[in-house]
Amino acid sequence: MKNLIVRAITGVFFVAAIVVSFLNPVAMALLFALVTGLTIWEFTGLVNDHVGQTTVNRPICTVSGVWFFLSVYAYCYGIAPSAVFLAYLFSIVYLFISELYLKHENPISDWAYTMLSQMYIAIPFSLINVLAFQSSSADGAIHYNYILPLSIFIFLWTSDTGAYCSGSLFGKHKLFPRVSPGKSWEGSIGGAILVLIVAYIISTFSHQLTPLQWMGLGLVVVVFGTWGDLVESLFKRTLGIKDSGNILPGHGGMLDRFDSSLMAFPAAAIYLYIVSLA
């Protein structure tokens, strides 16, 4: 009961922080720059502690990921030119070349996990900016609209809630027992149905997309969010750990909390790009 209360309190503050931050572009950027940094720091720490013969440069990987997020933010907001990415590119080149002089046991593994920290964490989080800032076809001005990126989180939270409830009541057939034995097909289907309902409700007051497009976005988030959860579960199972960290009481680490979004945001960005071409 005590753990349930702690988990509930943490969850409320977590949701409130994300929702409130989206009301202001600067607050959004600061929060998710922090989230990006903490998640990369956690990921690289797990790699250094649990992957044999691997040593990743945690400080530079973390700073590089945060800089990339802020660079995408500034570029999408129209307050910085594309040259803002040069510092990030320099840091990536440095991380490659530095292995020539460090004499680590397995430089290939170091390179692989270094790049994975950017591809798996920094790039997906940076796509929040791509969804939030849109150029107007009328005047060419850039406008901040939090509905699309916030809706991704709403769909993920709705899916988790629906999957938990329907899975607890009807779950019999395991979705992916090798990686996550607690998930069921019944839970996933229940979560998807609830997301479709929420997507339709959002479409009644946000006309950026048609109702059908909103529901399609919801399904994309459900499918790729589930895969994101499974990817992180496979990562933890491979390392032999239960939680990625303990920074969020009752919820584990940053990867535990944002695992679904790391797959959902790239998939949502691709989906919305395809929809815009239709």
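Residues numbered from 1 in each chain as written. Predicted model: local features only at pLDDT ≥ 70, side-chain atom pairs only at ≥ 80, totals over all residues. Heavy atoms only, no water.

Draft legend 1. Local environment of the overall build of the protein chain. What the protein chain contains, in helices and strands, is 10 helices and 4 strands. In sequence order, the protein chain lays out its α and β elements as α-α-α-α-α-α-β-β-α-β-β-α-α-α. Its C-alpha atoms put the protein chain at 60 × 55 × 35 Å along the principal axes. Across the 278 residues of the protein chain, 47% fall into the buried class. As presented, the protein chain carries roughly 14,300 Å² of accessible surface, and 71% of it is formed by carbon and sulfur atoms. (Helix = DSSP H or I, 4+ residues; strand = E, 2+ residues; numbered from the N terminus. Buried < 20%, exposed > 50% of the residue type's maximum accessible area, 1.4 Å probe, protein only. Areas by Shrake-Rupley, 256 points an atom, 1.4 Å probe, with all protein chains shown as cover.)

Draft legend 2. Here's a closer look at the layout of surface pockets. In this model, the largest pocket occupies a volume close to 1,600 Å³. Surrounding the largest pocket, 50 residues form its lining, Arg7, Asp160, Lys183, Asp229 and Arg257 being those nearest its centre. Of all the secondary-structure elements, those providing two or more residues to the lining of the largest pocket are α1 (2-21), α7 (147-170), β4 (180-184), α8 (185-203), α9 (211-239) and α10 (254-277). Examining the composition of the lining of the largest pocket, we find that 10 residues originate from one element, α7, more than from any other. Of the residues that constitute the lining of the largest pocket, the class distribution is 16 nonpolar, 20 polar and 14 charged. Space inside the second largest pocket adds up to approximately 370 Å³. Forming the boundary of the second largest pocket are 13 residues, of which Gln134, Leu148, Leu272, Tyr273 and Ser276 lie nearest the centre. Among the elements of the structure, α6 (107-132), β1 (133-135) and α10 are those that each provide at least two residues to the lining of the second largest pocket. The biggest single contributor to the lining of the second largest pocket is α10, with 5 residues. (1 Å grid on protein atoms, 1.4 Å probe; cavity = no way out; pocket = protein on both sides within 12 Å on 5 of 7 lines; lining within 4 Å. Points joined across faces, edges and corners; volume = space filled by probe spheres on them. Nonpolar A, V, L, I, M, F, W, Y, C, P; charged D, E, K, R; others polar.)

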